[in-house]
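Residues per chain, in single letters:
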Amino acid sequence: MALLLAMSASAQERSGKGMVSGKVISAEGGVVDFATIYLKGTTFGTSTNQQGLYRLDAPEGEYVLVASAIGFATVERKIRLTAGGRVRADVTLPVKVQSLGEVTVSAGGVKRVNQSAFNAIALDAKELHNSTRNLSEALAKVPGVKLREAGGVGSDVNLSIDGFTGRHVKLFIDGIPQEGVGNSFSLNNIPVNFAERVEVYRGVVPVGFGTDALGGVVNVVTNKSRRRWFADASYSYGSFNTHRSYVNFGQTFRGGLTYEVNAFQNYSDNSYHIDTYVEHFNDDGTTSMREDQVERVRRFHDTYHNEAVTAKVGLVDKRFADRLMLGFTYARSYKEIQNGVIQSVVFGEKFRRGHSLMPSFEYRKRNLFTRGFDLTLTANYNDNLTQNVDTSAYRFNWLGEKKYMDGKLGEQSYQNAEFKNTNWNGTLTATYRLGEKHTFTVNHVLNDMRRKSRSDITSGISDYSVPKRTRKNITGLSYRLMPSERWNLSLFGKYYHQLNTGTVSTSSTGIGSYTESRQKTSALGYGAAGTYFALKGLQLKLSYEKAYRLPTSDELFGDDDLEMGAIELKPEKSDNLNINISYTHQWGRHELYAEATGVYRDTKDYIRRMTDKYSGNAYYASFVNHGKVVTKGFNLSARYTYDGWVSLGGTFNSMDAINKERYIAGTGEESPTYNVRIPNQPYMYANADLSLYWRGCLAKENTLSLTYDNLYMHTFPLYWENLGAEATKKRVPEQFAHNIGLTYSVKGGRYNFSVECKNFTDERLYDNFSLQKAGRAFYGKVRIYFSK
């Protein structure tokens, strides 16, 4: 080897050339492959290999070495080459920083998201780690995103994106689908500390996720940077006896062995006040209610708690795998059911509990077998059990009083039932980069869900004796052309297949008289997405997709409690068009970011959630295909920041989903609701926030921050807005909520103390008709973080 180097140096000396070589890494310590290396003002250049190494020969002289890569800031450094000499020049590329949405985001994975042709945004969750928010609350300020909660901690949460509601939006954690994980481990109870960043894809979704989402994808990305050891622990306490705690610790050894543990819990009595009509139990055995008198009462049967722990162990940065991990998650929950799908129905002893067991596997390797070929394999198995108990012999009112029901059992539907869901999720993603311009991706996702139910009591809402099953296969293929950082184009196609077996009711009420049924469907979708940087800081995006959404297991089979299934549901199919323009400008210490998005979706066989009364005190939700719906709208967002001291921004969203089913099925008569807005959906909402930072407060590494934010929602109707008398129409009222928080971070974020006041004006808040949310509430949080 020494002889070869000497011969090389001798040849370079005779030719008058010198050599520069080195390694390019990111600020986080990872290898940067395909980085461009060149000498400024010359034609001498090269790129790094899969280990981030480069070598470049050039004539003797002084040069400026330039290193650049997509998603990283360009670095320049002066070098001097001598004939026959060798210069070592290692380069560390810092990630670009850009202000988007609510917080500052950085480029390791975030810039690549924002620079893609898809309408996507990434939130840096680290900026919220000192708050008491969960992941769903953190997402509420993304343009086009609306969070709808049915109540307090642990209540059902519906996340909509650009007018498409919860089941149109799919959840992923580190690119792994979370279908069927159960209520114990979901967006509304996972603390924001669990995530490093959250990626939100609105509308058209990349093939790499292999999903059937019409509305978009939320991908929670955890911290995978190599750290020798770390520990993150926090505890918060607040109104309504609410406790939250979180612990995360892990270690990576020199040989690549790594482990990590995440654990968290939530507890709340949810004993907040609401304003409602109250049914009174009279001494003579009768009941009465004054329709003109609203009383202020306290929720008395709404305790919720959940606990979850996730452990992972594996290898990183090995020749055969960049990441090879085995994981296991255990989660459990208990929830008292205070009311049904409307607030006037009161329960006092009904409850639900469940648990989930989920082993998982993850394998990732870049440049497998050959340069440019990347492979990702994931799999998880979820075994979750849910028990619904409704055996009370009493009827309750909002005062907590109870009345014996003369031998009738069950506050809603007499049951002591449990159902067991077993879910298999498997994904394969293979990507091949041909040079720097061409990328091919193949993705396949398999989801298989089986439900077995049993009940000690006969119930009308489900036939517990018949197993239920749904199996989905989705295959995607895409090609991306990226000739430069100024523009890129993606073309893709998807094949969908679903098989469902279960029961369908033959009764006119939709409940009872069940018979076995088998449904199979398949479809082919396709689309394109492109982006172009017209000027410095000005980016244009355009995307189109012919998409399908396959019915979920809850839509097909219900939840065996408050929701009835409909196995005959057809897939939703939609033509989706998105256009987006964004602009970023920096001058001195100031930065301005603005974005506008236009949305058009033509959806057929739209699956609509209905609220129905079955009999007596029983109310259920059900699902139906609703012909054709066209969604049109836009959202605007802007943010101004000043040198890390001030951040001011907000979003405005307007989304109209219009009924375009002109004729009533089977009659030929024109529908009275043709061209009318779909009911029970928010269509105009906005938010704004202001953050002030005092860096160096009392000590050099300490920071005091004050944050204010608000949420506005315009009134919207529960039923079709053109039917019935205006005075009697039921509407979710207009509302404007305000929150404020103060955080003091000590020693660069090692010790953190926070206090928050949510809804400090004590506004009456509703996301769903008559289901009132909490009023003014106070919370405090302590967090400690160590890392090396």
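Remember, it's a predicted structure, so these values are computed and weren't measured experimentally.

1. Side note on the overall build of the protein chain
Okay, step 1: Looking only at helices and strands, the protein chain has four helices and 51 strands in total.
Okay, step 2: When the 788 residues of the protein chain are sorted by exposure, 54% land in the buried category.
Okay, step 3: Of the contacts made within the protein chain by residues no fewer than 6 positions apart, 64% connect residues no fewer than 24 positions apart.
Okay, step 4: If you sum the accessible surface of the protein chain, you get close to 34100 Å²; carbon and sulfur atoms cover 56% of it.

2. Topic: the packing of aromatic side chains
Okay, step 1: Summed over all chains, the structure comprises twelve aromatic pairs.
Okay, step 2: When the ring of Tyr394 is compared with that of Tyr404, the centres are 5.8 Å apart and the planes differ by 65 degrees; the resulting orientation is edge-to-face. Here Tyr394, found in strand E29 (residues 394–396), pairs with Tyr404, found in strand E30 (residues 402–404); they are ten residues apart in sequence, far enough to count as distant.
Okay, step 3: Given the relative accessible area of 29%, Tyr394 is considered partly exposed.
Okay, step 4: A relative accessible area of 47% means that Tyr404 is categorised as partly exposed.
Okay, step 5: These aromatic residues form a ring-pair network of at least three members: Phe300, Phe396 and Trp398.
Okay, step 6: The ring of Tyr394 is capped by Lys402, whose NZ or CZ atom sits 4.5 Å from the centre of that ring.

3. So, the pattern of salt bridges
Okay, step 1: One pass over the structure, following the stated rule, counts 40 salt bridges.
Okay, step 2: Residue Asp767 pairs with Lys146 through a salt bridge whose shortest N-O separation is 3.4 Å. Separated by 621 residues along the polypeptide, Asp767 in strand E49 (residues 766–768) and Lys146 in strand E12 (residues 145–149) bring together distant segments of the chain.
Okay, step 3: When its relative accessible area of 3% is taken as the criterion, Asp767 is described as buried.
Okay, step 4: Measuring nitrogen to oxygen at the nearest pair gives 3.5 Å for the salt bridge that ties Lys335 to Asp302. With Lys335 in strand E26 (residues 323–336) and Asp302 in the loop between strand E24 (295–298) and strand E25 (304–316), this pair connects stretches of sequence that are 33 residues apart.
Okay, step 5: A relative accessible area of 16% means that Lys335 is categorised as buried.
Okay, step 6: Salt bridges sharing partners connect three or more residues here, namely Lys146, Glu149, Asp767 and Lys773.

4. Focus: the environment of Leu542
Okay, step 1: Position of Leu542 among the secondary structure elements: in strand E36 (residues 538–549).
Okay, step 2: Placed 37 residues apart in sequence, Leu542 and Ile579 show a C-alpha to C-alpha distance of 4.6 Å.
Okay, step 3: Excluding residues within four positions of it along the chain, Leu542 makes contact with Ala528, Ala529, Gly530, Leu577, Asn578 and Ile579.

5. Here we look at the sheet that holds strand E3 (residues 45–47)
Okay, step 1: The strand order across the open sheet built from four strands is E3-E2-E5-E6, with neighbouring strands paired in antiparallel fashion. The open sheet terminates on both sides in strands that have one partner only, identified here as E3 and strand E6 (75–81). Strand-to-strand twist in this sheet, taken as the mean axis angle between neighbours without regard to direction, amounts to 20 degrees.
Okay, step 2: Across seven bridges, strand E5 (residues 61–68) lies against E6 in antiparallel orientation. Opposite Val64, over in E6, you have Lys78 as the bridge partner.

6. A short note on empty space enclosed by the protein
Okay, step 1: In total, this model carries seven cavities of 30 Å³ or more according to the counting rule given.
Okay, step 2: Taken together, 20 residues line the largest cavity, and the ones lying closest to its centre are Ile173, Thr310, Lys312, Thr329 and Ser360.
Okay, step 3: Elements represented by at least two residues in the lining of the largest cavity include exactly strand E20 (257–268), E25, E26 and strand E27 (351–365).
Okay, step 4: When its residues are assigned to classes, the lining of the largest cavity shows eight nonpolar, eight polar and four charged.

7. Points about a nonpolar patch on the surface
Okay, step 1: Together, Trp487, Leu489, Leu491, Tyr532, Leu540 and Ile581 line one region of the surface with nonpolar side chains, adding up to about 480 Å² of accessible area.
Okay, step 2: Of the residues forming the nonpolar patch, the biggest block, three residues, is contributed by strand E34 (residues 487–505).
Okay, step 3: On the secondary structure map, Trp487 appears in strand E34.
Okay, step 4: A relative accessible area of 32% means that Trp487 is categorised as partly exposed.

8. Here we look at the confidence of the model for the protein chain
Okay, step 1: Per-chain confidence: the protein chain averages 83 in pLDDT, with 87% of residues scoring 70 or above.
Okay, step 2: The least confident element of the protein chain is strand E10 (residues 103–106), whose mean pLDDT is 32; the most confident is strand E48 (residues 751–758), at 96.
Okay, step 3: In this model residues 1–10 is a low-confidence stretch, pLDDT under 50, and it forms three contacts with partners more than four residues away in sequence or in other chains.
Okay, step 4: Below pLDDT 50 for its whole length, residues 97–112 participates in 54 contacts with residues either more than four positions away or in separate chains.

9. Section: the side chain of Asn397
Okay, step 1: Positionally, Asn397 belongs in the loop between E29 and E30.
Okay, step 2: For Asn397, a relative accessible area of 1% translates into the label buried.
Okay, step 3: Here the side chain of Asn397 touches Glu401 through a polar contact of 2.9 Å, side chain to side chain.
Okay, step 4: With sequence-adjacent residues up to four places away left out, Asn397 is seen in contact with Glu279, His280, Phe281, Phe300 and Val346.

10. Considerations on the environment of Thr703
Okay, step 1: Locating Thr703 in the fold gives a position in strand E44 (residues 703–713).
Okay, step 2: Exposure remark for Thr703: the relative accessible area of 16% places this residue in the buried category.
Okay, step 3: For the pair Thr703 and Gly749, spaced 46 residues apart in the sequence, the C-alpha separation amounts to 8.2 Å.
Okay, step 4: For Thr703, the residues in contact, after removing those within four places along its chain, are Tyr693, Trp694, Arg695, Thr743, Tyr744 and Ser745.

11. Section: the nonpolar core
Okay, step 1: Judged by nonpolar contacts, the single largest core of 28 residues is most densely connected at Leu135, Leu139 and Val200.
Okay, step 2: Where this core is concerned, the elements lending two or more residues are strand E11 (120–124), helix H3 (135–139), E12, strand E13 (157–161), strand E14 (169–173), strand E16 (197–202) and strand E17 (216–221).
Okay, step 3: At three residues, the largest contribution of residues to this core is made by H3.
Okay, step 4: For Leu139, the contacting residues outside a window of four places in its chain are Leu123, Val145, Leu159, Leu187, Val198, Val200 and Val218.
Okay, step 5: In this structure, Val32, Leu56, Leu81 and Leu93 belong to the second largest nonpolar core, which totals 19 residues.

12. Overview of unusual backbone geometry
Okay, step 1: Even without a glycine there, the phi angle at Lys747 is positive, about 55 degrees.
Okay, step 2: Relative to the helices and strands, Lys747 resides in the loop between strand E47 (735–746) and E48.

13. Focus: the sheet that holds E17
Okay, step 1: Spatially, E11-E16-E17-E14-E15 is the arrangement adopted by the five strands of the open sheet, whose pairing is mixed. Edge positions in the sheet fall to E11 and strand E15 (176–177), since each has one partner strand and no second.
Okay, step 2: As defined by bridge partners, E16 adjoins E17 across six bridges and the pair is classed as antiparallel. The partner of Glu199 across the bridge, within E17, is Asn219.

Cut-offs and rules
- Residues numbered from 1 in each chain as written.
- Predicted model: local features only at pLDDT ≥ 70, side-chain atom pairs only at ≥ 80, totals over all residues.
- Heavy atoms only, no water.
- Helix = DSSP H or I, 4+ residues; strand = E, 2+ residues; numbered from the N terminus.
- Buried < 20%, exposed > 50% of the residue type's maximum accessible area, 1.4 Å probe, protein only.
- Contact = heavy atoms within 4.5 Å.
- Areas by Shrake-Rupley, 256 points an atom, 1.4 Å probe, with all protein chains shown as cover.
- Phe/Tyr/Trp six-rings, centres within 6.5 Å; stacked < 30°, edge-to-face > 60°.
- Lys NZ or Arg CZ within 6 Å of the ring centre and 35° of its normal.
- Salt bridge = Lys/Arg side-chain N within 4 Å of Asp/Glu carboxyl O.
- Pairing = 2+ DSSP bridges.
- Axes fitted to C-alpha atoms, helices over the stretch in contact; angles between N-to-C directions.
- 1 Å grid on protein atoms, 1.4 Å probe; cavity = no way out; pocket = protein on both sides within 12 Å on 5 of 7 lines; lining within 4 Å.
- Points joined across faces, edges and corners; volume = space filled by probe spheres on them.
- Nonpolar A, V, L, I, M, F, W, Y, C, P; charged D, E, K, R; others polar.
- Patch = residues over 30% accessible without salt bridge, like charges linked within 9 Å, V, L, I, M, F, W, Y side chains within 5 Å.
- pLDDT = per-residue confidence, 0-100.
- Polar contact = N/O pair within 3.5 Å; in protein donor to acceptor, adjacent residues only side chain to side chain.
- Core = buried A, V, L, I, M, F, W, Y, C linked by side-chain atoms within 4.5 Å.

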